[in-house]
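Here are the chains, one letter per residue:
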Amino acid sequence: MALHFERSEFSDRLARLTAKMQEEKLDAMLLFAQESMFWLTGYDTFGYCFFQTLVVKADGTMALLTRSADLRQARQTSIIDDIHIWVDRVNADPTLDLKNLLVEMDLLGARIGVEYDTHGMTGRVARLLDSQLAAFGQIVDASYLVSGLRLLKSPTEIAYIERAAVLADDALDAALALIKPGADEADILAAMQGAVFSGGGDYPANEYIIGSGVDALLCRYKAGRRKLDANDQITLEWAGAYVHYHAAMMRTVVVGEPSHRHRELYSACLENIQAIETVLKPGHVFGDVFDMHAKIMDERGLARHRLNACGYSLGARFSPSWMEHQMFHAGNPQEIEPGMSLFVHMIIMDSDTGTAMTLGQTYLTTSDAPSALSRHSLDFLNR
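Residues numbered from 1 in each chain as written. Predicted model: local features only at pLDDT ≥ 70, side-chain atom pairs only at ≥ 80, totals over all residues. Heavy atoms only, no water.

A. Focus on the overall build of the protein. Helices and strands together make up the secondary structure of the protein, namely 10 helices and 14 strands. In terms of C-alpha radius of gyration, the protein reaches 22 Å, essentially the compact-globule figure of 21 Å for 383 residues. Counting across all 383 residues of the protein, residues that qualify as buried make up 57%. For the protein, long-range pairs separated by at least 24 residues make up 68% of all intrachain contacts whose partners lie at least 6 apart in sequence. Accessible area of the protein: about 15,800 Å², with a carbon and sulfur share of 51%. (Helix = DSSP H or I, 4+ residues; strand = E, 2+ residues; numbered from the N terminus. Rg over C-alpha atoms; globule rule 2.2 N^0.38 Å. Buried < 20%, exposed > 50% of the residue type's maximum accessible area, 1.4 Å probe, protein only. Contact = heavy atoms within 4.5 Å. Areas by Shrake-Rupley, 256 points an atom, 1.4 Å probe, with all protein chains shown as cover.)

Rendered as structure tokens:
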């Protein structure tokens, strides 16, 4: 059995979940987020692109409803014993199979929490589910119950995140060895991802961002590669991934002679991230981090060029995003506690001058100052 955690840790997680369910007066939970299933049972698959759900009762009983292709996957990678299969067929409605399973589990009339806000729950599935269960019991949106529990990382999770951070550093080393005039983005991207794979890592939960020239101002991956000019800029956002745990980084590398604007924006990024380190600790909330970011950017006249968030929680995630729910944005009351893995990014995209500058790394929160997980400095990168 391919388990990455001791069974005692899974037992502790289940105990935390059922205690939270009792606090919320939930008789059962329907987990649709793959990371929730992975965290609770070790179940590791990309089969959530089809209908599947893990039913968890308040007494700790669990049952998985999935497709036949994931039967052995669940047996091999998880602690789940009770696995049910819904059959692929014309006009199949697996929510009917789910309702029948809930009857078997004596949940008729129960108060049931559902993870709606997840990539494993499509709009169509939500409509079918609500239709089937409308008269079955009381259905409650519990999208953030498990993700809230996952914010605080265990020692084993932290070890995986630290390994992911080493792989992220290795990826940057691989990129910097290649970045120069005439370098091909394709070779840079291949070297970065190859460094993670050769270090025993995984596919990341979303694509790496790579863009040069005018595309250095983009904050998302896009298809198409180009070669670097003698004077250029290239923005990279990537993550080391190990046992699905992520440690993200972000850098803009200037090729050739940096412009005054590059230096100016870099100074703002560095000042900002150093200031954020003073509030990235217990006694503050996520909203405080964003407020510091906005204050410094706006004082420098960069309000039009910054984003409306400056980072987020990281952990074990599955495609299409390595971001956890909690983000650094205005008004977020989430308290910062020791044992969180948090990615802080400074992103300035000046479309007026066509200048990009970014700076980002992952931190582990402690009882005091945060610990940066990268061995790389935050120095200006020029090739």
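After that view, the rundown keeps rolling.
B. Fine view of the environment of I112. Note on placement: I112 falls in strand β5 (residues 111–114). Under the relative-accessibility criterion, I112 is labelled buried at 0%. If near-sequence neighbours (up to four positions away) are discounted, I112 is found in contact with L26, A28, L30, L102, L107, F136, Q138, I139 and V140.

C. Local environment of the pattern of salt bridges. Evaluated as defined, the whole model comprises 22 salt bridges. Between E9 and R13 there is a salt bridge, with its nearest N and O atoms 2.7 Å apart. Note that E9 and R13 are positioned in helix α1 (residues 7–23) at a spacing of 4 residues, about one turn of the helix. Each member of the pair, E9 together with R13, is buried. We note a salt bridge from D232 to R226, for which the minimum N-O separation is 2.9 Å. Here the residues in one salt-bridge network are D169, D170, D173 and R375, joined through shared partners. (Salt bridge = Lys/Arg side-chain N within 4 Å of Asp/Glu carboxyl O.)

D. How the structure looks around helix α4 (residues 94–104). Buried residues of α4: P94, T95, L98, L101 and L102, and no others. What you see down the axis of α4 is that its buried residues fit within an arc of 110°, all on one side. Against the buried residues of α4 lie β1 (28–31), β2 (53–57), β3 (62–66), β4 (83–85), β5 and α5 (123–133). Phi turns positive one or two residues past the end of α4, at D106, with a value near 60°. (Arc of directions from axis to C-beta.)

E. The nonpolar core, seen in detail. Core analysis: the biggest nonpolar cluster contains 40 residues, and M29, L40, L54 and V56 have the highest contact counts within it. With 5 residues, the single largest contributor to this core is helix α7 (residues 155–176). Once residues within four sequence positions are removed from consideration, V56 is found in contact with L14, L17, M21, D27, A28, M29, L31, L40, T61 and M62. In terms of nonpolar packing, the next biggest core, distinct from the first, is built from 36 residues, A168, I179, M192 and F343 among them. (Core = buried A, V, L, I, M, F, W, Y, C linked by side-chain atoms within 4.5 Å.)

F. Focus on the side chain of R306. Note on placement: R306 falls in the loop between α10 (286–299) and β10 (311–314). A polar atom in the side chain of R306 sits 2.8 Å from the side chain of D298. In contact with R306, other than residues within four places in its own chain, are F290, H293, A294, M297, D298 and I347. (Polar contact = N/O pair within 3.5 Å; in protein donor to acceptor, adjacent residues only side chain to side chain.)

Remember that the coordinates give geometry; whether it matters functionally is a separate question.
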